[in-house]
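Overview (structure and organization)
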Amino acid sequence: MVPTLPDDALTRAQAGEPAALSLIYQSLSPAVLGYLVGRGSEDPEALTQEVFLAVFSRLGSVTGGLPGLRTFAFSVAHARYVDEVRKRTRTPVLVGYEIDGDTRTTASAEAVALGNLDAGGAGGLLEQLSTEQRDVILLRIVAELPIDQVAEILGRSAGSVKQLQRRGLLKLKELVQPNESEAL
């Protein structure tokens, strides 16, 4: 169960209280992790840790109370993800062991578990959205951020965020529900 943040959590954390820092992490990290998983991060857990190291090191500069803290945390998460993508594009592709030719292997428990995580196909559906639509859907639905905070994180207007959300949701609905004409 994700704990809710008391109104004074940010003030206590800015004063260096360890319990408040722990509460902030426990409250915000599942949504940050969900955002990074939805974006396709190579190591979302490690990136989540990096996000909170950055957030905690700059807590003194956070304004706007708890909503400001959420916006700041997801701004950092988005920036770290963009950095990861840029790093991937600059890193040479390593060619390693080819599992297809090795008959001595079986699927590991980890591979089976990870394969079952997306049994509903949500990741595949999100991949069919544009990058901008996916960002908005993940920040609005997974992270539960209001439109103005999503707009601030992505550097867009609130109207643009609303349109991207609307178009993304319509596209997801189209993908999930077959056309009635196709069903006949």
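This section reports on the structure supplied with the text. Keep in mind that this is a model prediction, so the values were computed, not measured.

**Remarks on the overall build of the protein**
The helix and strand inventory of the protein stands at 10 helices and 0 strands. The helix and strand sequence of the protein, counted from the amino end, reads α-α-α-α-α-α-α-α-α-α. Of all 184 residues assigned to the protein, the portion counted as buried reaches 33%. Taking the contacts inside the protein whose residues are at least 6 apart along the sequence as the reference set, 61% of them involve residues at least 24 apart. Of the roughly 11,400 Å² of accessible surface on the protein, a fraction of 55% belongs to carbon and sulfur atoms.

**What to know about helix 4 (residues 65-90)**
Between its first and last C-alpha, helix 4 extends 38 Å over 26 residues, near the 38 Å set by a 1.5 Å rise per residue. What helix 4 keeps buried is the set L66, G68, L69, T71, F72, A73, F74, V76, A77, H78, Y81 and E84.

**A word on the environment of I141**
With respect to the element layout, I141 can be found in helix 7 (residues 131-142). As a C-alpha pair, I141 and Y35 span 106 residues in sequence and 9.3 Å in three-dimensional space.

Conventions used here
Residues numbered from 1 in each chain as written. Predicted model: local features only at pLDDT ≥ 70, side-chain atom pairs only at ≥ 80, totals over all residues. Heavy atoms only, no water. Helix = DSSP H or I, 4+ residues; strand = E, 2+ residues; numbered from the N terminus. Buried < 20%, exposed > 50% of the residue type's maximum accessible area, 1.4 Å probe, protein only. Contact = heavy atoms within 4.5 Å. Areas by Shrake-Rupley, 256 points an atom, 1.4 Å probe, with all protein chains shown as cover. Expected span 1.5 Å × (residues − 1).

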